[in-house]
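Below, each chain spelled out in residue letters.
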Amino acid sequence: MATLNEGFTLCGLVQTPSASDSAIQGIELDGDSDHAVVTDSTRSVTLYKVSDQKPLGSWTVKQGQLLTCPAVFNFQTKEYVVVSDNKVIRVWKDEDLSLDKAFKATVSADVWRVHSAPGGEPVVLFQRGAVRLLDSLLSAPQQPIEDILSEEEVIRWSTNIVAEKQHFVLFMTEQKGEHFLYAQRFNPNTLQKYRLEGEDSGAPPLSFSASLRDKHINLLYLYPNGCVYQSVVAVRGPVGLEGVQDLPRSLRLRLPVGEGELGAASAVALDEAHVAVVGMPHPSARTGKDFLCIWNTNFQTLQAGREMVGRIHGQVWCYLGKLFVPHGKALSVIPYECQKCSLASALGKLRCAGIAVSTSSVAVPSWNTLLHGDQPQGPTKIVDTRKSKLRRKGQSAPALTVDQVLELIKTGPVEEVQREVEALVSRGDAQDLQLSVGRLACHLVARSQVETAFYAPGALAQLVQTQCLCHSVCPDLLLLALEHKDYFLCQLCLQLFPDIPEVVTCACLKTFISVPDGDVEMVSLEPDSVFMEGLLAAGARGGQQNGFSPPLFEEDSCDPHHQPKPPQHQDKKNPTLQLEVCPVGLHKAVLLNAVLQTPYSDNLLLPHLKDLNTQQVILFLQYLQFVYLKYPQDVYTQTAGLRSPTMTQIIDWVCLLLDAHFMVLVMAPDAKGLLSSLQSFVKSQLKLFSELGQIEGSLQQLHKMKPSKDISQYSIEVIELF
């Protein structure tokens, strides 16, 4: 599976009417993995610290001069190199303030690119195909440069790769509609030429990218019809072959481009199974929108997508788990994650054991079922077995296609729509399930928004449980579920959507806190987030939980030598100190647990938390305190496989709520006892850690001790700790 995480803007883009289609000329990394060297489309080079989005330095050529290739970092000399006006090579260090005072050398031929990579010396590629090492060129700038390319042949793309101490310069050329790949090797110095197989339409590739994998150079190129091909060049292949060699290709991905063709688009390989594509329409969105998408090439499935606002320039760079995409007036940085997956998980068919899927609703054990063994209320429709599915399929009418189901959603009754959507999803043999699920969900939500009487909760739950959906594909789904008080669907979305915006997360929290317990007690909820059995068991045992003992509440000192007061002096009038009962109902707690485990950004969530009123904040804090105090450390081992918030998640939410409402809580009389309880609890934790620190040295000595070799089957060993 793959996900696109929350992105940010690194910098703005220079807007010039006379500039080329490229928003920026290039992005390179320097010796620090958190630094990016950005060359704009005109005159400036800027060094940014990516994590802080702060410029660390900027260098500009004079008015009337132009930078004609991206700046690169020389990893050997720790210098930057750029070319201006095609022939002037400039070299400078980060402490230099101006490019005018930097080292300059004018060469005898036009330069196409300067390439640099860790472990190799920078190389200069000229527009007519000749290649020189930078040091040898700067020692004799006016040396003659030969022509490698024919008269009508022009370079379209180039890169360099260092593999097994061998330096490669790859560049793609075009001549009369044909495309050729040149592979320049150093030591020995050889040049090989390959012919690319073209499309029947004669359209040229929109983008190229190259990566090193398994001692082979993998070339990826995207065509306007949406086809992504891959060609492989062996690192240790034969050298010195004469003539032009045919370069085989294999189709890795066929993108859905709709009725037209792609314009400004680009594809880059992320790993052996995932490709990022920018500038393509999303299969589930209306036309006219450009998206950044991650596709699984092994299973031809869409894994993640995000709309890119503004003009797309057909450019994308990939460095160290981050995608750099210029669009509109900004350069965005979007972190991503790719994980190896099976066919089942790629298609959303990989489900946890024990989850039952039905036509209209999922009736599963409630908390009372897990705690007391009660039978679940209401009918429970379990997933059909394989044999019953085949028998029913043979007796029923021919199954509808995706397009037919989409037409049915526009006018059909709720019962028929839910039945056909379930049949389409359960078959599992529909082509492009990843694409069809998004389209089905968007059509269902669109009709529900127009017709208030139409709402298909079972069909929407079925689509969400395929795990082929995310919030960016159908952004109105979760809000629609809140509007219809479909708490089961809300819980599924919170659990399965990795990209829920913080404002929506806070809207769910506000709704769940405010809803009366009686309104959610009859709702069947997904059981994997239930962990109250461990909580209540811990509460019944009493004593110390999570390093906290109730008698320590009245401690005013963190000094380990401070004598605690006798237990009979505890304040028994404050109910918050003896919080033995969960402050919310069981089902409401399940929904709150789903919110606690939703990914978020502190900076983006904090402003929306301020929309909660004082009573909502106090109730949520009381629940968080109850969960933390009653949550034994061995719950994970007792209820393996159940979803439950971690200690870190609980504490982070407490801190966020206090940051957002501290002044209000201090002034609120109802919150006085709660804040005092939290303060006492923090003091007790400090005392516990102080005592643990005293024995830290002894524990370290235990690790250093060597076990005695003279140990029989039974022995007693005395260890002295000093």
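Before any of the text, the structure's been laid out above.
Quick caveat: nothing in here was measured; it's all calculated off a predicted structure.

Asks: Give me the lowdown on the packing of aromatic side chains, citing residues and values where you can.
Replies: Overall, the coordinates contain 15 aromatic pairs when judged by the stated rule. With 6.1 Å between their ring centres and 70° between their planes, Tyr487 and Phe512 make a pair best called edge-to-face. Here the residue Tyr487 occupies a position in helix α10 (residues 487-496), and Phe512 occupies one in helix α11 (residues 502-514), the gap between them amounting to 25 residues. Phe512 matches Tyr487 in its accessibility class, with the two residues each being buried. Between Phe620 and Trp653 the ring centres are 5.9 Å apart and the planes differ by 70°, which places this aromatic pair in the edge-to-face class.

Asks: Describe helix α8 (residues 457-465), and please don't skip the residues or the numbers.
Replies: Here α8 lies mainly inside the structure; eight of its nine residues are buried. Within α8, burial applies to Gly458, Ala459, Leu460, Ala461, Gln462, Leu463, Val464 and Gln465. Gln467 sits one or two residues past α8 and shows a positive phi near 60°.

Asks: For the nonpolar core, give the residues involved together with the corresponding values.
Replies: Leu477, Phe512, Leu609 and Phe620 are the most contacted members of the largest nonpolar core, which totals 87 residues. Here this core takes eleven residues from helix α16 (residues 614-630), the largest share from any one element. Not counting the four nearest positions on each side in its chain, Phe620 is found in contact with Leu509, Ile513, Leu592, Leu596, Trp653 and Leu657. In this structure, Trp157, Leu170, Phe208 and Leu219 belong to the second largest nonpolar core, which totals 20 residues.

Asks: I'd like to hear about the side chain of Glu420, residue by residue, with values.
Replies: Residue position: Glu420 is located in helix α6 (residues 414-427). We note that Glu420 is buried and unpaired, the nearest opposite charge coming from Arg419 at a distance of 4.3 Å. Those residues in contact with Glu420 that sit more than four places away from it in its chain are Leu400, Val405 and Leu408.

Asks: So what's going on with the packing of α16 against helix α18 (residues 647-667)? Residues and values would help.
Replies: It is the contact of α16 with α18, at a shortest axis distance of 10 Å, that shows an interaxial angle of 150°. Judged on the interaxial angle alone, α18 and α16 are roughly antiparallel. Crossing hand, α16 versus α18: left-handed. Contact residues: Thr614, Val617, Ile618, Phe620, Leu621, Leu624, Val627 and Tyr628 in α16; Met647, Ile650, Ile651, Trp653, Val654, Leu657, Leu658, His661, Val664 and Leu665 in α18.

Asks: Which residues make up the environment of Thr505, and what values do they have?
Replies: Looking at where Thr505 falls in the secondary structure, it is placed in helix α11. For Thr505, a relative accessible area of 0% puts it in the buried group. C-alpha separation for the pair Thr505 and Thr598, spaced 93 residues apart in sequence, amounts to 7.6 Å. Excluding its chain neighbours within four sequence positions, the residues that come into contact with Thr505 are Ile500, Val595 and Thr598.

Asks: Help me get a handle on the sheet that holds strand β12 (residues 123-126), residues and values and all.
Replies: The three strands are arranged β11-β12-β13 in an open sheet whose pairing can be described as antiparallel. Each end of this open sheet is capped by a strand with a single partner; those strands are β11 (111-115) and β13 (131-133). Neighbouring strand axes in the sheet, compared pairwise and without regard to direction, differ in orientation by 20° on average. As paired elements, β11 and β12 share four bridges and run antiparallel to each other.

Asks: Please give an account of a nonpolar patch on the surface that cites residues and values.
Replies: Residues Phe689, Leu692, Ile695, Leu699, Leu702, Met705 and Ile719 make up a contiguous nonpolar surface patch of roughly 630 Å² in combined accessible area. Of all the elements in the fold, those that place two or more residues in the nonpolar patch are α19 (672-694) and α20 (696-704). Mapped onto the secondary structure, Ile719 falls in the segment after α20.

Asks: Lay out the sheet that holds strand β15 (residues 166-175) with the relevant residues and their values.
Replies: Pairing between the strands of a sheet is mediated by backbone hydrogen bonds and can be parallel or antiparallel. Taken together, five strands build an open sheet; the order of strands is β14-β15-β16-β17-β21 and the sheet is mixed. The open sheet has two edge strands, β14 (154-163) and β21 (244-247), and neither has a second partner. Between one strand and the next, the sheet's axes are offset by a mean angle of 25°, whatever the strand orientation. In this structure, strand β17 (residues 190-196) lies alongside β21, joined through four bridges in parallel fashion. Bridge pairing in β21 places Lys193 opposite Val244.

Asks: Go over the pattern of salt bridges with me, naming the residues and quoting the values.
Replies: Pairing is possible between side chains that carry opposite charge, provided their charged atoms lie close to one another. Counted according to the given criterion, the structure contains 14 salt bridges. Residue Arg195 is joined to Glu178 by a salt bridge in which the shortest nitrogen-to-oxygen separation is 3.6 Å. Of this pair, Arg195 sits in strand β17 while Glu178 sits in strand β16 (residues 178-185); the two residues are 17 residues apart in sequence, bridging distant segments of the chain. With a relative accessible area of 29%, Arg195 lands in the partly exposed category. With its nearest N and O atoms 3.2 Å apart, the salt bridge here joins Asp246 to Arg195. Of this pair, Asp246 sits in strand β21 while Arg195 sits in strand β17, and the two are 51 residues apart along the sequence. Asp246 gets classed as exposed once you look at its relative accessible area, which sits at 58%. Beyond isolated ion pairs, a larger network of salt bridges with shared partners links Glu178, Arg195 and Asp246.

Calculation rules
- Residues numbered from 1 in each chain as written.
- Predicted model: local features only at pLDDT ≥ 70, side-chain atom pairs only at ≥ 80, totals over all residues.
- Heavy atoms only, no water.
- Phe/Tyr/Trp six-rings, centres within 6.5 Å; stacked < 30°, edge-to-face > 60°.
- Helix = DSSP H or I, 4+ residues; strand = E, 2+ residues; numbered from the N terminus.
- Buried < 20%, exposed > 50% of the residue type's maximum accessible area, 1.4 Å probe, protein only.
- Core = buried A, V, L, I, M, F, W, Y, C linked by side-chain atoms within 4.5 Å.
- Contact = heavy atoms within 4.5 Å.
- Lys, Arg positive; Asp, Glu negative; His and termini not counted.
- Salt bridge = Lys/Arg side-chain N within 4 Å of Asp/Glu carboxyl O.
- Axes fitted to C-alpha atoms, helices over the stretch in contact; angles between N-to-C directions.
- Parallel < 35°, antiparallel > 145°, perpendicular 65-115°, else oblique.
- Left-handed = near helix turned anticlockwise from the far one by under 90°.
- Pairing = 2+ DSSP bridges.
- Patch = residues over 30% accessible without salt bridge, like charges linked within 9 Å, V, L, I, M, F, W, Y side chains within 5 Å.
- Areas by Shrake-Rupley, 256 points an atom, 1.4 Å probe, with all protein chains shown as cover.

Nothing here speaks to function; it is geometry throughout.
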